[in-house]
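Descriptive structure summary
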Amino acid sequence: MAEGRPTQDRAPETVAVVVVTYNRADLLEGMLAGLRTQERAPDGVLVVDNASTDRTAEVLRAAVARGDLPLEVVTSPTNVGGAGGFRAGLRAAYERGFDRFWLMDDDVVPAPSCLRVLMEADEDCLMAVREDRHGALCEKAALRFDLRDPRALKPKTAMVETTYGTRAAMPERVELENVAFEGFLVRRRVVERIGLPDASYFIFYDDVDFAVRARRAGFKIWALRDAVLVRQLDFDQQHDLAGWKGYYMYRNLFAVHLRYGENAAVRAKPWLVTAGVVALSPLRGGRAEARNVIRGLRDARRMREQPPTTVE
């Protein structure tokens, strides 16, 4: 079921780009410009505007007026986070009958060949490989995401960036165990089998959760070296554990362990991590980080149940 399908005697597949944006109008303009350059043009572009308050609506109106992208805007009345945005956008694209869905954040720009390279690969789950604005490999998708060994405090024990160092050192295909919703291409039948992204994550780990579910349903995930995606912002979220994002990082990491940990010891890791963070808080994030991790553990326990497998 999860193997590639023969391409003969089959109509070309359609693909919709699903973009989630919030208050980053300048970045959104660059991302849409990148979509216009694609050698394999998308058949649909659905942009979920997460109740932006900057000039995002103006950018989207201008893009619709240009008419050079098959653009549809889905406006959320409130900010439902990246997770809620991808759930709404993927549901809308699914309901419109597309065969494949290319999930995209507003801070990346695909190289002109990116979508063509992805669409030429006959696989159900594919990932473009990100680099920074200077051409350095910055793909943090996991080659190994360990939910079996309780000694792995961080489940991401190997990732593309640190394993290969450069794009040139990568094989043409690399199997992944998690993804980011930045350049992730998924077939319709995956969504039919496992359902939509879980909006309860709000931000962070909604993509990891989706990848875990896909892999456990029998689908392999491949990163394609030659599908180039350029990230416009630096990765800096790991330094925010005492801020508002830190709460979601802890809560959602714990939720993944409670949902998908393969043994009792792994499912107990959230309590051990919480105890360690609280004990070390005077030396690092202080009371704010301690509050985040305690709240995160409490609220993650309410997220134990996996999301429905239906598209609703």
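This is a predicted model, so every value here is computed, not measured.

**Points about the overall build of the protein**
Counting secondary structure elements, the protein contains eleven helices and eleven strands. In terms of overall dimensions, the protein is globule-like: its C-alpha atoms have a radius of gyration of 19 Å, near the 20 Å expected for 312 residues. Here the protein holds 312 residues, and 52% of them are scored as buried. Taking all contacts inside the protein whose residues are at least 6 apart in sequence as the whole, residues at least 24 apart take part in 80%. About 13900 Å² of surface is accessible on the protein, with carbon and sulfur atoms providing 51% of the total. The positive charge centre, built from 46 side chains, and the negative charge centre, built from 45, are 6 Å apart in the protein.

**Considerations on the side chain of Asp 206**
You can see Asp 206 is positioned in helix α7 (residues 206-216). Among buried charged residues, Asp 206 stands out as having no salt bridge; its nearest opposite-charge side chain is Arg 213, 8.7 Å away. Look past the residues within four positions of Asp 206 in its chain and what remains in contact with it is Gly 82, Ala 83, Phe 86, Phe 181, Asp 198 and Tyr 201.

**Considering the pairing of strand β1 (residues 15-21)**
Counting buried positions along β1 gives seven out of seven residues, so the element sits mostly inside the fold. The alternating pattern of β1 places Val 15, Val 17, Val 19 and Thr 21 and Ala 16, Val 18 and Val 20 on opposite faces, both of which are buried. Across six bridges, the pairing between β1 and strand β4 (residues 100-105) is parallel. Residue pairing across strands places Ala 16 opposite Phe 101, the latter belonging to β4. With six bridges connecting them, β1 and strand β2 (residues 44-49) associate as parallel partners. Bridge assignment links Val 18 to a residue of β2, and that residue is Leu 46. With helix α1 (residues 25-36) bridging β1 and the parallel β2, this β-α-β connection has right-handed handedness.

**Examining the pattern of salt bridges**
Counted by the stated rule, this structure contains 38 salt bridges. A salt bridge links Arg 24 to Asp 107; the nearest nitrogen and oxygen atoms lie 3.6 Å apart. Of this pair, Arg 24 sits in the loop between β1 and α1 while Asp 107 sits in the loop between β4 and β5 (108-110); the two residues are 83 residues apart in sequence, bridging distant segments of the chain. A relative accessible area of 27% places Arg 24 in the partly exposed class. Judged by relative accessible area, Asp 107 falls into the buried class, the value being 2%. The partner of Arg 36 in a salt bridge is Asp 68, and the shortest N-O contact between them spans 3.0 Å. Placement of the pair is Arg 36 in helix α1 and Asp 68 in the loop between α2 (56-66) and β3 (71-75), with a sequence separation of 32 residues. With relative accessibility at 27%, the residue Arg 36 sits in the partly exposed group. Through salt bridges that share partners, Arg 24, Asp 105, Asp 106, Asp 107, Arg 130, Glu 139, Glu 182 and Arg 231 make up one connected network.

Rules used in this analysis
Residues numbered from 1 in each chain as written. Predicted model: local features only at pLDDT ≥ 70, side-chain atom pairs only at ≥ 80, totals over all residues. Heavy atoms only, no water. Helix = DSSP H or I, 4+ residues; strand = E, 2+ residues; numbered from the N terminus. Rg over C-alpha atoms; globule rule 2.2 N^0.38 Å. Buried < 20%, exposed > 50% of the residue type's maximum accessible area, 1.4 Å probe, protein only. Contact = heavy atoms within 4.5 Å. Areas by Shrake-Rupley, 256 points an atom, 1.4 Å probe, with all protein chains shown as cover. Lys, Arg positive; Asp, Glu negative; His and termini not counted. Charge placed at Lys NZ, Arg CZ, Asp CG, Glu CD. Salt bridge = Lys/Arg side-chain N within 4 Å of Asp/Glu carboxyl O. Pairing = 2+ DSSP bridges. Right-handed = clockwise from strand over helix to strand, strands pointing away.

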